[in-house]
Amino acid sequence: MSTNNANGLRIGVDVGGTKIEAVLVSPDGRVLGQARIAARRGNQAVLEDIESVARQAAGERFAEVAAIGIGTPGQVNADTGHVGDIVNLDVVSMDMGPEIAQRTGVDTHVENDVNAAAVGAAALLGGAEGLTGTIALLNFGTGLAAGIVQDGVLLHGYSGAAGEIGHVPVEPHRFKCPCGQYGCLETVASGASVARLWPHADPPMPDLIRRAIRREAEAVDTLDMVMRAIGDAIQILAQSVDPRLIILGGGMAKTGEPLLEVINAELHRREAQCHFLESLNLPARLRLAPVEQPVGAIGAALAA
Ligand SMILES: [Zn+2]
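All values derive from a computational prediction rather than experimental measurement.

### Remarks on the domain arrangement of the protein chain
Here comes step 1: One can read the domain layout of the protein chain as domain 1 (9-117 + 293-303) and domain 2 (134-243 + 251-288).
Here comes step 2: The C-alpha centroid of domain 2 is placed 28 Å from the C-alpha centroid of domain 1.
Here comes step 3: Residue-level contacts link 7 residues of domain 1 with 9 residues of domain 2.
Here comes step 4: Contact between domain 1 and domain 2 buries roughly 580 Å² in total, counting both sides, with carbon and sulfur atoms accounting for 61%.
Here comes step 5: Looking at the side of domain 1 facing domain 2, the largest losses of area belong to Glu111, Val114 and Asn115, adding up to 73% of the total buried there.
Here comes step 6: In this structure, the connection of domain 1 to domain 2 is made through 0 salt bridges.
Here comes step 7: Between the two partners, domain 1 and domain 2, sit 1 residue pair in polar contact (both at pLDDT 80 or more).
Here comes step 8: Elements with a minimum of two residues in the side of domain 1 that touches domain 2: β8 (108-112) and α3 (113-125).
Here comes step 9: Among the elements that line the side of domain 1 that touches domain 2, the one with the most residues is α3, at 3 residues.
Here comes step 10: Per-class residue counts for the side of domain 1 that touches domain 2 are 4 nonpolar, 2 polar and 1 charged.

### What about the pairing of strand β9 (residues 134-140)?
Here comes step 1: Among the 7 residues of β9, 7 are classified as buried, and the element is accordingly described as predominantly covered.
Here comes step 2: Because side chains alternate across β9, one face comprises the buried residues Thr134, Ala136, Leu138 and Phe140, and the other comprises Ile135, Leu137 and Asn139, equally buried.
Here comes step 3: Bridge analysis of β9 against strand β10 (residues 144-150) gives 7 bridges, and the strand direction is antiparallel. For Asn139, the partnering residue across the bridge sits in β10 and is Ala145.
Here comes step 4: Once β9 ends, the chain turns through 3 residues before running back antiparallel as β10.
Here comes step 5: For β9 and strand β12 (residues 245-249), the ladder comprises 5 bridges, and the chain directions are parallel. Directly across from Ala136, in β12, lies its bridge partner Ile246.

### A closer look at helix α7 (residues 257-271)
Here comes step 1: With 15 residues, α7 ought to run about 21 Å at 1.5 Å a step, and its terminal C-alpha atoms sit 20 Å apart, in line with that.
Here comes step 2: Within the sequence span of α7, burial applies to Leu259, Leu260, Val262, Ile263, Asn264, Glu266, Leu267, Arg270 and Glu271.

Conventions and cut-offs
- Residues numbered from 1 in each chain as written.
- Predicted model: local features only at pLDDT ≥ 70, side-chain atom pairs only at ≥ 80, totals over all residues.
- Heavy atoms only, no water.
- Domains from an automatic or database assignment.
- Contact = heavy atoms within 4.5 Å.
- Buried area = accessible area lost by both parts, 1.4 Å probe.
- Salt bridge = Lys/Arg side-chain N within 4 Å of Asp/Glu carboxyl O.
- Polar contact = N/O pair within 3.5 Å; in protein donor to acceptor, adjacent residues only side chain to side chain.
- Helix = DSSP H or I, 4+ residues; strand = E, 2+ residues; numbered from the N terminus.
- Nonpolar A, V, L, I, M, F, W, Y, C, P; charged D, E, K, R; others polar.
- Buried < 20%, exposed > 50% of the residue type's maximum accessible area, 1.4 Å probe, protein only.
- Pairing = 2+ DSSP bridges.
- Expected span 1.5 Å × (residues − 1).

See the structure below:
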């Protein structure tokens, strides 16, 4: 998050596979305006839609906007604003940041969608300490990835891959991952993977938990497998960056309290075997991402 625009209004845009959402945010983080449109495919349509939803969210105050932040799926270079491979929108390569800056005349910063959501979730759930310390969002979407915010600033790492823990290949079933490796955590611990492992309901996770609680054997086995992978993901995140809060986000986290309960049960099971793990008290650090607020768009604005 830069501070040079701290006194102006910001627009945050959250680019999704089916919709594009924008908010107008005040310098102190309040949402002043909001707009949403259905996403269309292809470079030209995506750029037109980002610009139009941004202008809709700001309305008559567009001239006061000091920065635009965009959170998008795909391979994002946050330094240059270039985005590659937004698969659901048929975008192969695009200079999203420079193109939007040119169309709007406003400085534009682009982040990957998980990083943007991490900033938004951290700002909304940071509590009295705000954005101080390290706060991580663990996102269970199509894939599995974490966004890590340190004192309000995103941790990108050397190549932008910080937090990409979904492709740590430690899952014992060794399923082939689209990335080419076998046993990536996201082959089990992601929304898309749970939908594959539990095709009996949509969304799958609430049904899986309900049936596991009723001791239906297939559900017990499947949930056990998923929770072991999620437990591993949480430990990898916690033991590498030791966040104050670990916020669970993405479509799967909309399961809500029942998901938090089964994850806590997995962590307590591990703590009972390991005093070191018990001393970390990870269940106390877990939160569910807010579902009623446009977390990704707010975060994109704050990260601009
Ligand atoms: Zn992988």
